[in-house]
Number of protein chains: 2
Amino acid sequence: MQLKGNCIIGQSGGPTVAINASLSGVLQGILENKYYDQVYGMVNGIEGLLQGKFLNLTELFKTQEDLDKLTHTPAMYLGSCRFKLPTCEHSEDLYEDLFTFFESHNIRTFFYIGGNDSMDTVLKLSDYAKANGKTINVIGIPKTVDNDLPLTDHTPGFGSAAKYVATSLLEIAHDTYIYNVPSITIVEIMGRNAGWLTASAVLARTEYSPAPDLIYLPEVPFNMEQFIEDVKAIKAKRRNVIVAVSEGIRDCEGQYISASSGAVDAFGHKQLCGAGKTLENILKAELGCKVRSIELNVLQRSASHIASKTDLEEAVSIGKAAAKLGNAGETAKMLCYKRVSDAPYAIEIFAYDIAAIANQEKKVPLDWITTRGNDLTEKAITYLRPLIEGEVHLTYANGIPSYCNIAHLHRAH
Amino acid sequence: MQLKGNCIIGQSGGPTVAINASLSGVLQGILENKYYDQVYGMVNGIEGLLQGKFLNLTELFKTQEDLDKLTHTPAMYLGSCRFKLPTCEHSEDLYEDLFTFFESHNIRTFFYIGGNDSMDTVLKLSDYAKANGKTINVIGIPKTVDNDLPLTDHTPGFGSAAKYVATSLLEIAHDTYIYNVPSITIVEIMGRNAGWLTASAVLARTEYSPAPDLIYLPEVPFNMEQFIEDVKAIKAKRRNVIVAVSEGIRDCEGQYISASSGAVDAFGHKQLCGAGKTLENILKAELGCKVRSIELNVLQRSASHIASKTDLEEAVSIGKAAAKLGNAGETAKMLCYKRVSDAPYAIEIFAYDIAAIANQEKKVPLDWITTRGNDLTEKAITYLRPLIEGEVHLTYANGIPSYCNIAHLHRAH
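These numbers come from a predicted model, not from an experiment. (Residues numbered from 1 in each chain as written. Chains lettered and ligands numbered in written order. Predicted model: local features only at pLDDT ≥ 70, side-chain atom pairs only at ≥ 80, totals over all residues. Heavy atoms only, no water.)

Concerning the pairing of strand 11 (residues 345–353) of chain A
All names here are of chain A. Where strand 10 (residues 333–342) lies against strand 11, nine bridges are found, and the strand directions are antiparallel. Directly across from Asp342, in strand 11, lies its bridge partner Tyr345. Connecting the antiparallel pair strand 10 and strand 11 is a turn made up of two residues. (Pairing = 2+ DSSP bridges. Helix = DSSP H or I, 4+ residues; strand = E, 2+ residues; numbered from the N terminus.)

Structure below.
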């Protein structure tokens, strides 16, 4: 074992319901193995740290009960930021300030939990440390509901978002089938460039419910005429048509379908309709039947009450693995999942060079999408299914989930 | 005990997650007490029955396990309709057809589970039976997420919708507090005329989270200037403002706020913005900060995965009470809840004349709303809190809830 010292952890980017599970995992790994004396937490990521905002997590999370509550709390306990760290050439002072802080607080390891942009921060800090002979280790831990990080089989947070999407789609199907009236329901799902989360809607299908009947991902150019044909073809067979679309679908020229509305409101402001609403309006005009669109919205990434047990357990494990890796003196690495087997489902955790991961984006393979571009193949289902398995049982108080107190995030301006 | 015979049950109106629990309760009461030989189910309510569509529920639900699964399945297992039964004066043939069916199938009791409009059906059929010397009993069982039926303390289905709203609001708060950026989030909640469900957003508040900071119900005329002032006042104190609004808020002239947008889309169709979207656009223009609106949409009424245990247990009980009442020869009654005590929470079930209930609407009492009309008083919280208590643990298969097979609803056109 190395000499002790302290470490610091930050969370960054968009929320997931597993990002605190990874934070909890890092803390559990450290607590169990006594890797560090003090664990600090950046408030609002690297941006907040640059403003001098941090907490002492060692004092806040002392028991397994505290850490379990953290595991099941949605979004970032430590707050987040959307901050692109400038390059060292342009902002050397900033790097010097950061490393002065690290040295004065005896920080041996810097852990950062986030998506593509956050891994860019990990890369830049580790490059700076190497170039300037700093002994601090910089370790990245993935998270994103978009599941778009390369090299890792999937990302923490994705499975829970996928479980929310699949469960909601099934419940929307039950809500839809009850009326003896033809209808079309369009469900808009998050994922600007990568269609992983929209693809997970396929998991809503049961022996009695074919919903979603059609699935459109941003990986394939969206053709409006073909879409209308597809809907008509299903409508000829079934009373209720349910369609899953990614918010990021684009036409063959790369224009977002969501941007095609030229609407202005009563105040003259341009109305930016989402993809779902835009398709709703078009189908109403084309087909003249009942059409509605549903935007699943932020609950996709924050509904801890329907988290995937598999996802949260893995997120804790990847956090523990990160703690071990940092303590072992590794740097410039991100932890990844490797799938060992689909059935029975099994993964291993390994570390990979951050340079190969940062700023890269993994999309749904085209051969997992049907030729017509409106559904997923069996390969996609085999990949997706295990990620949503298992339910968590939260503690509730007064009828609502008991989550960690995050008053430190919104107390002040 | 009376002579045996058969009965028929229907479900009507908008879905809730407890309407199958009441159906299950009726079936459990009948199964336990052998009240009837056969239990038929109308498919798509009275409208479907008029088209000759019905099922034999006795054959479909034989075990407690089957009935438990039904209890936890969202929306109407039997399908629904939005059908206003014409008066007998105008459609005597229709009534004759119905009662001919009842007599030919040896129906002693007609159970109808629904909201205001469905209770109108119960009233009309029981009036016809009395006026024409028919011995069939007609019993109403309440349900509606709107909680707007008179005489009953609350309605089955409301507590689960309220739990979904409160849980979602808390999760949205966690999602909102993470960024160090001022923001306003508007959450639009169902309830066109009665603000009960929007009021239940108040249950999202915890020791650390004041969300929703403001709550607007349709019971109080909505004043745009005052609303902007209210938001500004909260914004001066807190970084993130979270507002709950009913979809049905109206100005002092009774105009829906949602209708005030004169937007048209690229195809020239009028864009009917909801209340949330309309307020989002206005606040963006007025305050220039980050504003987003979230429409909770149909999941409020169909998310069985976050149902209130209290609600489902009561809904089963009211179904059993209905079975008993029908068997005892009562008619023209709706079952109601009477609150015996707030703490410990306790209710009793009683029956009341349908004539006093049908076509009536119960709104949130004005003295449960603050003088400024932007929040709820302690009285409201005392009333609402017990209704969302308790969690259900569904059975899951392949990562999604195992609900009843409803293929019979969407098989054909």
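Details of the packing of aromatic side chains
Residue and element names in this part refer to chain A. Considering all chains together, one arrives at 36 aromatic pairs over all chains under this definition. An aromatic cluster is defined as three or more aromatic residues linked by ring pairs; in this entry it consists of Tyr40, Phe54, Tyr95, Phe99, Phe101, Phe102, Phe110, Tyr112 and Tyr128. Here the guanidinium or amino end of Arg192 rests over the ring plane of Tyr256, the centre of that ring lying 4.2 Å away. (Phe/Tyr/Trp six-rings, centres within 6.5 Å; stacked < 30°, edge-to-face > 60°. Lys NZ or Arg CZ within 6 Å of the ring centre and 35° of its normal.)

Considering helix 1 (residues 19–33) of chain A
Residues and elements named next belong to chain A. Over its 15 residues, helix 1 runs 21 Å from end to end, which matches the ideal 21 Å to within 8%, given 1.5 Å per residue. Most of helix 1 is tucked away, with 12 of its 15 residues classed as buried. Of all the residues in helix 1, the buried ones are Ile19, Asn20, Ala21, Ser22, Leu23, Ser24, Gly25, Val26, Leu27, Gln28, Gly29 and Ile30. (Expected span 1.5 Å × (residues − 1). Buried < 20%, exposed > 50% of the residue type's maximum accessible area, 1.4 Å probe, protein only.)

Here we look at the sheet that holds strand 3 (residues 54–56) of chain A
Residue and element names in this part refer to chain A. The sheet built from seven strands is open, its strands ordered 3-2-1-4-5-10-11 with mixed pairing. Strands at the two margins of the open sheet, each flanked by one partner only, are strand 3 and strand 11. Between one strand and the next, the sheet's axes are offset by a mean angle of 25°, whatever the strand orientation. Where strand 1 (residues 6–11) lies against strand 2 (residues 38–42), four bridges are found, and the strand directions are parallel. Each bridged residue has a counterpart across the sheet, and for Ile9 the counterpart in strand 2 is Gly41. Here helix 6 (residues 116–131) sits on the sheet and contacts strand 4 (107–114), strand 5 (137–142) and strand 10; the angle it forms with strand 5, its principal contact strand, is near 165°. (Axes fitted to C-alpha atoms, helices over the stretch in contact; angles between N-to-C directions. Contact = heavy atoms within 4.5 Å.)

Focus: the interface of chain B and chain A
Facing 88 residues of chain B, the contacting portion of chain A comprises 88 residues. Where chain B packs against chain A, one counts two salt bridges. Joining chain B to chain A, the criterion identifies 22 residue pairs in polar contact (both at pLDDT 80 or more). Counting only elements with at least two residues in the side of chain B that touches chain A, the list comes to helix 7 (158–177), helix 9 (224–237), helix 10 (275–287), strand 9 (290–295), helix 11 (299–302), strand 13 (400–401) and helix 14 (407–410) of chain B. The element best represented in the side of chain B that touches chain A is helix 7 of chain B, accounting for 11 residues. When its residues are assigned to classes, the side of chain B that touches chain A shows 40 nonpolar, 31 polar and 17 charged. (Salt bridge = Lys/Arg side-chain N within 4 Å of Asp/Glu carboxyl O. Polar contact = N/O pair within 3.5 Å; in protein donor to acceptor, adjacent residues only side chain to side chain. Nonpolar A, V, L, I, M, F, W, Y, C, P; charged D, E, K, R; others polar.)

Describing the relation of the copies chain B and chain A
Between the two copies, chain B and chain A, the superposition gives an RMSD of 0.0 Å; the rotation angle is 180° and the shift along the axis is 0.0 Å. Taken together, these values place the two copies in the relation of a two-fold axis. An overlap of 100% is found between the interface residues of chain B and their copies at the interface of chain A, pointing to a shared contact surface. (Least-squares fit on C-alpha atoms with pLDDT ≥ 70 in both.)

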